[in-house]
Amino acid sequence: MASMKTTALALAATTAATCLVTAGVAHAYSTAAPATTTQAVALPPGYQIVTLPNATVPNFQRRTLLCPGTKHVLGGGAEAQGNGAILVGSFPTGDGRGWIALGRQIGYNDVGISVYAICAD
């Protein structure tokens, strides 16, 4: 039975090798040819990035950004701005038509919130 030291050394060596391969450092051991061409990615019909610029709102007040027309949200995000600002939530609306964000600012009663949505038909 292997000692704990031998087992620990073997585990460390295996972990290091895995990290090197994952990082692409040990590519000489790979037999696969590297990709030489890039494929163009087609955007969904009606693709549009919509923004709700920064505005100061009371802490924990939701800011909602809706996609224009009949478009639906594919993803989104938000930013809380200010000293000690914290983004508390960033998520799609229940009907999938927009994005909601809320935040708070430590030591203040309000916070700056910007909202972003990726929309498509």
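Along each chain, residue indices are assigned from 1 in the same order as the chain's sequence is written. Totals for whole chains, interfaces and linings use all residues, but because this is a predicted model, local features are given only for residues with pLDDT of at least 70 and pairs of side-chain atoms are given and counted only at 80 or more. Neither water nor hydrogens contribute to the side-chain values; these are computed over all heavy atoms in the structure.

J.: For this particular structure, what's the right way to read the sheet that holds strand S5 (residues 98-105)?
T.: Sheet strands pair by backbone hydrogen bonding; their relative direction is either parallel or antiparallel. When DSSP finds at least two bridges between two strands, those strands are taken to pair. In DSSP terms, a helix is any run of H or I states spanning at least four residues, a strand is any run of E spanning at least two, and both are numbered starting from the N terminus. Taken in spatial order, the 3 strands line up as S2-S5-S4 in an open sheet, and their pairing is antiparallel. Edge positions in the sheet fall to strand S2 (63-66) and strand S4 (85-92), since each has one partner strand and no second. Each strand of the sheet is rotated relative to its neighbour by a mean of 20°, with strand direction disregarded. In this structure, S4 lies alongside S5, joined through 7 bridges in antiparallel fashion. Across the sheet, the residue bridging to Phe 91 is Ile 100, located in S5. Interaxial angle, 0 to 180 degrees, is taken between N-to-C directions of lines fitted to C-alpha atoms, where a helix line uses only the stretch in contact.

J.: Sorry, what's going on with the nonpolar core here?
T.: Nonpolar side chains in soluble globular proteins tend to end up buried together. By nonpolar core is meant a set of buried Ala, Val, Leu, Ile, Met, Phe, Trp, Tyr and Cys residues that side-chain atoms within 4.5 Å join together. Partly exposed residues are those whose accessible area sits between 20% and 50% of the maximum for their type, while under 20% is buried and over 50% is exposed, using a 1.4 Å probe and protein chains only. With 13 residues, the main nonpolar core has Ile 113, Val 115 and Ala 117 as its most contacted residues. Mapped onto this core, the elements with two or more residues apiece are strand S1 (48-58), strand S3 (72-81), S5 and strand S6 (110-120). Other than its neighbours up to four places away in sequence, Ala 117 contacts Gln 48, Ile 49, Val 50, Leu 65, Val 73, Gly 75, Gly 76 and Trp 99. We call two residues contacting when some pair of their heavy atoms lies within 4.5 Å.

J.: Could you clarify how one ought to interpret the environment of Asn 83 in this entry?
T.: By the element assignment, Asn 83 lies in the loop between S3 and S4. Sequence-wise, Asn 83 and Ile 106 are 23 residues apart; in three dimensions their C-alpha atoms are separated by 7.5 Å. Residues contacting Asn 83, with those up to four places away along its chain left out, are Gln 105, Ile 106 and Tyr 108.

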